[in-house]
Amino acid sequence: QVQLVESGGGLVQAGGSLRLSCAASGSFLSINAMGWYRQAPGKQRDLVATITRSGSTNYADSVKGRFTISRDNAKNTVYLEMNSLKPEDTAVYYCKTVAVSRASYVMNYWGKGTLVTVSS
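Some details on the sheet that holds strand S1 (residues 2-7)
Inference 1: One open sheet accounts for four strands, arranged S1-S3-S8-S7; its pairing is antiparallel. The open sheet has two free edges, formed respectively by S1 and strand S7 (67-72), since each of these has just one partner strand. Between one strand and the next, the sheet's axes are offset by a mean angle of 15°, whatever the strand orientation.
Inference 2: As judged from the six bridges shared by S1 and strand S3 (residues 18-26), these two strands associate in the antiparallel manner. Across the sheet, the residue bridging to Val-5 is Ala-23, located in S3.

Here it is in structure tokens:
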């Protein structure tokens, strides 16, 4: 079982920056891909960025050049540096990880989400 704890959300003015963190803990063999998704009110949950264990990244077009995903494998933690924030970035941001359990099952785990609000 994996627990994900997100932090770093909050209220920021347009053009500002925030840094989200997500730490994985629990009983598992390894943490593979990690990522961030977001869900705005009344909309579906969309991918923001993902990062593999080796550091390969993927971004949604809407955040390329503004957001940076990174991870610390020793701490099982993924980060999302968000710069030049826009009101349309307002959403609940969810951390997701793909983990291998001690029984060698590959499982997806989600955090509870952290709210990011960007004021105009």
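On we go from here.
Looking at the packing of aromatic side chains
Inference 1: Per the counting criterion, the structure on display carries one aromatic pair.
Inference 2: When the ring of Tyr-37 is compared with that of Trp-110, the centres are 5.0 Å apart and the planes differ by 65°; the resulting orientation is edge-to-face. With Tyr-37 in strand S4 (residues 30-39) and Trp-110 in strand S10 (residues 106-110), the pair connects residues that are 73 residues apart, well separated along the chain.
Inference 3: Sitting above the plane of the Tyr-79 ring, Arg-19 keeps its charged end 4.1 Å from the centroid.
Inference 4: The residue whose ring lies beneath Arg-45 is Tyr-94, and the NZ or CZ to ring-centre distance is 3.6 Å.

Structural notes on the pattern of salt bridges
Inference 1: Per the counting criterion, the structure on display carries four salt bridges.
Inference 2: The closest approach of N and O atoms between Arg-66 and Asp-89, which form a salt bridge, is 2.7 Å. One end of the pair, Arg-66, is in the loop between strand S6 (57-59) and S7; the other, Asp-89, is in the loop between strand S8 (77-82) and strand S9 (91-100), and 23 residues separate them in sequence. For the residue pair Arg-66 and Asp-89, the accessibility class agrees, reading buried in each case.
Inference 3: One salt-bridge network, held together by shared partners, links Arg-38, Arg-66 and Asp-89.

Here is what the cut-offs are and how they apply
- Residues numbered from 1 in each chain as written.
- Predicted model: local features only at pLDDT ≥ 70, side-chain atom pairs only at ≥ 80, totals over all residues.
- Heavy atoms only, no water.
- Pairing = 2+ DSSP bridges.
- Helix = DSSP H or I, 4+ residues; strand = E, 2+ residues; numbered from the N terminus.
- Axes fitted to C-alpha atoms, helices over the stretch in contact; angles between N-to-C directions.
- Phe/Tyr/Trp six-rings, centres within 6.5 Å; stacked < 30°, edge-to-face > 60°.
- Lys NZ or Arg CZ within 6 Å of the ring centre and 35° of its normal.
- Salt bridge = Lys/Arg side-chain N within 4 Å of Asp/Glu carboxyl O.
- Buried < 20%, exposed > 50% of the residue type's maximum accessible area, 1.4 Å probe, protein only.

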